[in-house]
Amino acid sequence: MAETTYLLENIQNKELIRRGPFINGHWLEKSESGETFNVTDPANGKILNTLPDLSLNEVEQAIKGAHDTFYNTYKNTTPRQRAQWLRTIHDLMLENADDLARIITLENGKSLADALSEVKYAASYFLWYSEEAPRQYGATIQPSISSNRVFTIRQPIGVCAVICPWNFPSAMITRKAAVALATGCTVVVKPDHETPLSALALGYLIEKSGVPSGAFNVVISGTKTAKLGTMLCESPLIKKLTFTGSTRVGKILMAQSASNIKKLSLELGGNAPFIVFKDADIEHAVNQLLLCKFRGLGQTCVCANRIYVQAEILDQFVSLLKSKVEQFKIGHGLSKGTTHGCLINTQTLDKVEYHKKDAIEKGAAVVTEGGPLPELGPTFYKPCILSNVPYSAVVAKEETFGPLCPIFTFNSMEEVIREANDTEFGLASYVFSKDINIIFHMAEALEAGMVSCNTGIFSDAAIPFGGIKESGFGREGSLYGIEDYTVVKTVNIGNL
Ligand SMILES: NC(=O)c1ccc[n+]([C@@H]2O[C@H](COP(=O)([O-])OP(=O)(O)OC[C@H]3O[C@@H](n4cnc5c(N)ncnc54)[C@H](O)[C@@H]3O)[C@@H](O)[C@H]2O)c1
Ligand SMILES: O=CCCC(=O)O
């Protein structure tokens, strides 16, 4: 495929290519300071788009617009009307799925197949919450005082700030924005500066759906991330902040939000154990590991970070895994035949190398060495598999967020539970066994917000997604997602 086909301009619907942020129903093409920043293709460093770098004053206008729209219009719209808007956004996303996927691949580097499945996943949140929007219920309560009557109602919390990472440039936004818009909240999104193009394309589709002006805003900056974060946390006009990203940044945002007791949802880092017992279907477990570990080339918060295989099946498991990983075709995400794209940047690649070398130095055996592929570009990496990784390796404690597959060996259930839980993270975990007693025991014993049994892929708008421990709190998706974007009001009628 010729290099020119990797340009943003080659997508079909040119309206999806925006030249600036979306603030209170207006598309800005220039910031007041005239400053700009570049968005590049991580596969080759080529500039995809140059966007205005907003001033804090312009971000303030977005917050104010979202605030005024909430009070003047949006909170008074009917759930049925909001459901229709959400359904339209879903349909528009699917109509433009190929273009949206190409935008994701260009700015993030993942393969087109991966990007297309992200678009469908992202759109599914609008479908799900279009169905949930009209179904918000309260309770009637028997109070202690006999002449009182009590009931509760759920109301939208207000303006929601949404801060998202680069690894799912579309889905991490829709998981938050869909429920916010469904419940009657307005939204100010700050995407990662490396992947703002999908957020802007989404803004265009949301505008087209008829959602009132000012209800959905996208603010962008290439240089003022921390200041913008502080502003979103400290603004009294914003009532909730929802963040997906690293635990390090989550802690900063939590501290900053203390100033006005803002409601928070934090979807933070993971360190998922993937545990395979000796009675499991080994080929199935290997196939599921490939999907789980290498989606986005290992740059997902729920991907397996530590693989625990019971000693009796280690050799069989490792040799099957090796043969399958060696069939991967690494390349530009838009190149024909590419199964896996590149990493987002060279820092991510350096971390994979660091975890790999540390484990080898501490005694891990090299199954497939993998490593950088400079002939393809500075962010390309051939996946690495290590076995007999010692528990003292850094990767046993830290999230790699890349294509390193470290295999630890275990002998007993007690041992693997102890090691799997020996981390401050608790997002996803995986168990493979045909024994229902093992499955139940492990599901209850693993310290994680989500335990996936006999499958490596479980993400779904229908399920509550979120972590425990330092992986954060709050749940997105499902019925439970509504709770994070609404407040329960108690109405007490006395002296009846
Ligand atoms: N739990 C989940 O659902 C989930 C999903 C995806 C990614 N993650 C986690 O995200 C991490 C990888 O993403 P990342 O490297 O982009 O994370 P990151 O925390 O560096 O960045 C995430 C977002 O925060 C912004 N940001 C960075 N510093 C900020 C600051 N001081 N104030 C305000 N905003 C700031 C970034 O611009 C970006 O938009 C991994 O740890 C991964 O596990 C978690
Ligand atoms: O990276 C984190 C999100 C992954 C998912 O929603 O499946």
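Above this note sits the structure.
Summary of the structure given here. Since this is a predicted model, take the numbers as computed values, not measurements. (Residues numbered from 1 in each chain as written. Chains lettered and ligands numbered in written order. Predicted model: local features only at pLDDT ≥ 70, side-chain atom pairs only at ≥ 80, totals over all residues. Heavy atoms only, no water.)

### Focus: the side chain of S257
Right, so step 1: Within the element layout of this structure, S257 appears in helix α8 (residues 247-257).
Right, so step 2: A distance of 2.8 Å separates a polar atom in the side chain of S257 from the backbone oxygen of L253.
Right, so step 3: For S257, the residues in contact, after removing those within four places along its chain, are C233, K262 and L264. (Helix = DSSP H or I, 4+ residues; strand = E, 2+ residues; numbered from the N terminus. Polar contact = N/O pair within 3.5 Å; in protein donor to acceptor, adjacent residues only side chain to side chain. Contact = heavy atoms within 4.5 Å.)

### Re empty space enclosed by the protein
Right, so step 1: The tally for this structure, following the rule as stated, stands at 5 cavities of 30 Å³ or more.
Right, so step 2: When its volume is computed, the largest cavity comes out at roughly 60 Å³.
Right, so step 3: P273, R306, F425, G426 and E447 are the residues nearest the centre of the largest cavity, which is lined by 16 residues in total.
Right, so step 4: Of all the secondary-structure elements, those providing two or more residues to the lining of the largest cavity are β12 (272-276), β19 (425-426) and β20 (428-432).
Right, so step 5: Each residue belonging to the lining of the largest cavity can be placed in one class, and the counts come to 8 nonpolar, 5 polar and 3 charged.
Right, so step 6: What the second largest cavity holds in volume is close to 60 Å³.
Right, so step 7: As for the second largest cavity, its lining consists of Y121, F168, M172, R175, R295, T300, C301, V302, S459 and F465.
Right, so step 8: Here the lining of the second largest cavity is composed, by residue class, of 6 nonpolar, 2 polar and 2 charged. (1 Å grid on protein atoms, 1.4 Å probe; cavity = no way out; pocket = protein on both sides within 12 Å on 5 of 7 lines; lining within 4 Å. Points joined across faces, edges and corners; volume = space filled by probe spheres on them. Nonpolar A, V, L, I, M, F, W, Y, C, P; charged D, E, K, R; others polar.)

### Quick look at the site of ligand 2
Right, so step 1: In the vicinity of ligand 2, the contacting residues are Y121, N167, F168, M172, R175, R295, T300, C301, V302, S459 and F465.
Right, so step 2: Between ligand 2 and the protein, one listed contact pairs an oxygen atom with a side-chain N or O atom of Y121 at 2.6 Å.
Right, so step 3: Protein contact buries 99% of the 240 Å² of open area that ligand 2 shows by itself.
Right, so step 4: According to the grid-proximity analysis, the pocket containing ligand 2 is the second largest cavity.
Right, so step 5: Each residue belonging to the shell around ligand 2 can be placed in one class, and the counts come to 6 nonpolar, 3 polar and 2 charged. (Near = heavy atom within 4 Å. Areas by Shrake-Rupley, 256 points an atom, 1.4 Å probe, with all protein chains shown as cover. Sits in = over half its atoms within 2 Å of the grid points.)

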